[in-house]
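The chain contents come next:
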Amino acid sequence: MKKLILVPLLLTALGVMLLSPLTAKAQFAKAEDAIKYRQSTFSVMGTHFSRIGTVVKGEKPFDKEEVAANAAVVASLAHLPWQAFGPGTEGGKSLPEIWKESDKFKVSSDRMQKAVMELNTAAKGGDLDTIKKAFGAAGQSCKACHDNYRKK
Ligand code: ASC
């Protein structure tokens, strides 16, 4: 009786194990493509985040529209890189911990997305002090992931 339940369960588990790398590969033909994709999205995100940084640091005058436009780019890009960390895409600047502790990595990536959404809300509001606080929190969320999951 037990075997009747166990056999289909094991077959399903095996099916999931065999299929999941295939579905990841369906998104990106090669691991290099996934690596290029995530590095590109992080790079463009970093460019626009740094532009807000120059205003926050007082190196550039505060232009509400410009900060809001940069924050909107960061906020929309923040959703993208995670799909490119699928099984079989190890490499680039990524540490293996991303795949070994994928639950923890997900918590960190969710935290970053939330912080960046809050920066976007602050930027739309246009109050520089609120933007500075939200920028600091978002920067911390980037750094936390870099410390734990990016090669030095
Ligand atoms: C940036 C950028 C990052 C973050 C991070 C914050 O401007 O490109 O990755 O800020 O350095 O600690």
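For the structure itself, look to the data block above.
Counting of residues starts from 1 at the beginning of each chain's written sequence and follows it residue by residue. Two thresholds apply to this predicted model, a pLDDT of at least 70 for residue-level local features and 80 or more for giving and counting side-chain atom pairs, whereas whole-chain, interface and lining totals are computed over all residues. The side-chain quantities take in all heavy atoms of the structure and omit both hydrogens and water.

Undergrad: An account of the nonpolar core is requested, with residue identities and associated values reported.
TA: What is meant by a nonpolar core is a set of buried Ala, Val, Leu, Ile, Met, Phe, Trp, Tyr and Cys residues, joined one to another through side-chain atoms within 4.5 Å. Categorising residues by exposure relies on relative accessible area from a 1.4 Å probe, with only protein chains included: less than 20% of the type maximum marks a residue as buried, more than 50% marks it as exposed, and the intermediate range marks it as partly exposed. Ile 52, Phe 105, Val 116 and Leu 119 are the most contacted members of the largest nonpolar core, which has 29 residues in total. Working definition: helices are DSSP H or I runs of at least four residues, strands are E runs of at least two. Numbering for both runs from the N terminus. Of all the secondary-structure elements, those providing two or more residues to this core are helix 2 (31-56), helix 3 (64-77), helix 4 (97-100), helix 5 (102-125) and helix 6 (128-149). For this core, the element with the most residues is helix 5, which contributes seven residues.

Undergrad: Before we move on, can you summarise the state of the cysteines with the specific residues and values?
TA: Defined simply, a disulfide is a covalent bond joining two cysteines at their sulfur atoms. A pair of sulfur atoms, both from cysteines and within 2.5 Å, is called a disulfide here. All chains considered together, the criterion is met by zero disulfides. Sulfur of Cys 142: no disulfide; nearest cysteine sulfur belongs to Cys 145 and is 8.5 Å away. Here Cys 142 falls in the partly exposed class, since its relative accessible area comes to 23%.

Undergrad: Run through the site of the ligand, naming residues and quoting values.
TA: Every residue lining the ligand is accounted for by Gly 46, Phe 49, Ser 50, Gly 139, Cys 142, Lys 143 and His 146. We call two N or O atoms a polar contact when they sit within 3.5 Å, provided that within protein one can donate a hydrogen and the other can accept it, with sequence-adjacent residues counted only if both atoms are side-chain atoms. Note that an oxygen atom of the ligand is positioned 2.9 Å from one of the side-chain N or O atoms of Ser 50. Contact between the ligand and Gly 139: an oxygen atom at 3.3 Å from a main-chain N or O atom of the residue. All accessible areas in this document rest on Shrake-Rupley with a 1.4 Å probe, and a residue is counted as covered only by the protein chains that are shown. Protein contacts shield 60% of the accessible area of the ligand, which totals 310 Å² for the unbound molecule. In terms of residue count, the dominant contributor to the shell around the ligand is helix 6 (four residues). Under this grouping Gly is polar, as are all residues other than the nonpolar Ala, Val, Leu, Ile, Met, Phe, Trp, Tyr, Cys and Pro and the charged Asp, Glu, Lys and Arg. Per-class residue counts for the shell around the ligand are two nonpolar, four polar and one charged. Being near a molecule or strand, for a residue, comes down to having at least one heavy atom within 4 Å of it.

Undergrad: Tell me about the packing of helix 5 against helix 6, and name the residues and values.
TA: Fitting a line to C-alpha atoms yields each axis, with helices limited to the stretch in contact; the angle taken between N-to-C directions then spans 0 to 180 degrees. With their axes 8 Å apart at the nearest point, helix 5 and helix 6 run at an angle of 160° to one another. The angle between helix 5 and helix 6 falls in the class roughly antiparallel. Both helix 5 and helix 6 take part in a crossing whose hand is left-handed. On the side of helix 5, the interface is formed by Lys 104, Phe 105, Ser 108, Arg 111, Met 112, Ala 115, Val 116, Glu 118, Leu 119, Ala 122 and Ala 123, while helix 6 contributes Thr 130, Ile 131, Ala 134, Phe 135, Ala 137, Ala 138, Ser 141, Cys 145 and Tyr 149. Classifying every residue of the contact of helix 5 with helix 6 gives 14 nonpolar, three polar and three charged. Should an angle lie under 35 degrees it is considered roughly parallel, over 145 roughly antiparallel, and from 65 to 115 roughly perpendicular; all remaining angles are considered oblique. Here a crossing is called left-handed whenever its near helix is offset anticlockwise from the far helix by less than a right angle, and right-handed whenever the offset is clockwise. The contact definition used throughout considers only heavy atoms, calling two residues in contact when any of these lie within 4.5 Å.

These results come straight from atomic positions and should not be treated as a statement about function.
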